[in-house]
Amino acid sequence: MLKDEVLKILESDRTRYASGQELAKRSGVTRAAVWKAVNALIADGHEIEAVPAKGYRLTDNSDVLTAAGITARMKNKCEVRVYDCVESTNKTAKLAAIDGAAANTIIVANEQTDGKGRRGRSFYSPKSTGVYFSVILKPNVSAEKSVLVTTAAAVAAAHAIEKLTGKTALIKWINDVYVDGKKCVGILTEATFDYESGGIDSVVVGIGINVTTDEFPDDIASRAGSVGKVSRNALIAETCDELIDLAGKLPDCGYLDEYRKKCFVLGKRIRVIGNAEEYEANALSVDDRGGLVVRADDKRAITLSNEEVSVRIC
């Protein structure tokens, strides 16, 4: 559609004005058609500044999630599907993968009605105040090493937040990202398997980031936070670009050095919550499979792979 083409041009550089003549030439249409497209974008909620003799420019406050807004900022070529509201982006992505969606397809929603986290928990996903997206990956890893994808996603999200906000983002093993002592990011990785080979067919990585959310349900209000005002399209693009790059290099795990630097659990006293037991331990290191190595009070060295851990955040 013409308005998508115009939007992609405007999104490619928000610092400059694009004249009606330029937009018409690049889109292969008349200036009158461009004018109609710009007005259609405004009707969709985009904030576009129009200045005589200069042209059109998306304002810094314009924050409508669009495929054009995301792809214009990405170096990797991906199919991006944006929905206003879905039950769960992971559920939508898994169905898309079954239907043959290509690797690196990105499913984005402005709101989730049933967002999921680890261990069956829900992920609070209110309309327009966060980013909720899932990436279909086809990494070259075995099932036992699929946890590496989760750690890669945590590093990618942390780097994107730091680049766009200037804040420090830290990781709580295994899949949460914290800013200013509050959890702002949740990650859920789910694999689909090839029944003939028994190997992984695809991995769906769901990422939820609280951007400007300032009201949370009572059960998470004390520990949940937001990263602060930032372009949601840019945040998705930055995170997905790095995640796709890292996933393409697996099982090389050189990025785990960065994960370890950001993992604030290491060196701390933690409580491990497993399926069969709970116990206190000291967090020692993250191994090359993404497992958390701990030493229990009975001197056992244990490598955690999917357990829950809690730690006091100072």
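Above this note sits the structure.
Every value quoted in this text rests on a predicted model; they were computed, and no experiment measured them.

Novice: How would you summarise the overall build of the protein if you had to cite specific residues and measurements?
Specialist: Helices and strands together make up the secondary structure of the protein, namely eight helices and 14 strands. A globule of 314 residues ought to have a C-alpha radius of gyration of about 20 Å, and the protein, at 21 Å, matches this closely. The principal-axis extent of the C-alpha atoms belonging to the protein is close to 75 × 50 × 35 Å.

Novice: Before we move on, can you summarise the environment of Lys182 with the specific residues and values?
Specialist: Along the chain, the position of Lys182 falls in strand E8 (residues 182-193). With 105 residues separating them along the chain, Lys182 and Asp287 place their C-alpha atoms 25 Å apart. Reaching out from Lys182, the side chain makes a polar contact with the backbone oxygen of Ser222 at a distance of 2.5 Å.

Novice: Outline the packing of aromatic side chains, listing residues and values.
Specialist: Overall, the coordinates contain two aromatic pairs when judged by the stated rule. The interplanar angle of 75° and the centroid separation of 5.3 Å between the aromatic rings of Tyr178 and Phe264 together place this pair among those described as edge-to-face. In this pair, Tyr178 is assigned in strand E7 (residues 176-179) and Phe264 in the loop between helix H8 (256-262) and strand E10 (269-273), connecting sequence segments 86 residues apart. By the burial criterion, Tyr178 is buried, and Phe264 matches it. If you follow Arg57 out to its NZ or CZ, it ends over the ring of Tyr17, 5.6 Å from the centre. Seen from the ring of Tyr279, Arg300 lies directly overhead, with NZ or CZ sitting 5.7 Å from the centre.

Novice: Lay out the pattern of salt bridges with the relevant residues and their values.
Specialist: Tallying each qualifying case throughout the model produces 25 salt bridges. The partner of Arg73 in a salt bridge is Glu11, with the nearest N and O atoms 2.7 Å apart. Of this pair, Arg73 sits in the loop between helix H4 (67-71) and strand E3 (80-83) while Glu11 sits in helix H1 (residues 2-12); the two residues are 62 residues apart in sequence, bridging distant segments of the chain. Ionic pairing is found between Asp180 and Lys167, a salt bridge with its closest N-O pair at 3.9 Å. One end of the pair, Asp180, is in the loop between E7 and E8; the other, Lys167, is in the loop between helix H6 (147-165) and strand E6 (169-172), and 13 residues separate them in sequence.

Cut-offs and rules
Residues numbered from 1 in each chain as written. Predicted model: local features only at pLDDT ≥ 70, side-chain atom pairs only at ≥ 80, totals over all residues. Heavy atoms only, no water. Helix = DSSP H or I, 4+ residues; strand = E, 2+ residues; numbered from the N terminus. Rg over C-alpha atoms; globule rule 2.2 N^0.38 Å. Polar contact = N/O pair within 3.5 Å; in protein donor to acceptor, adjacent residues only side chain to side chain. Phe/Tyr/Trp six-rings, centres within 6.5 Å; stacked < 30°, edge-to-face > 60°. Buried < 20%, exposed > 50% of the residue type's maximum accessible area, 1.4 Å probe, protein only. Lys NZ or Arg CZ within 6 Å of the ring centre and 35° of its normal. Salt bridge = Lys/Arg side-chain N within 4 Å of Asp/Glu carboxyl O.

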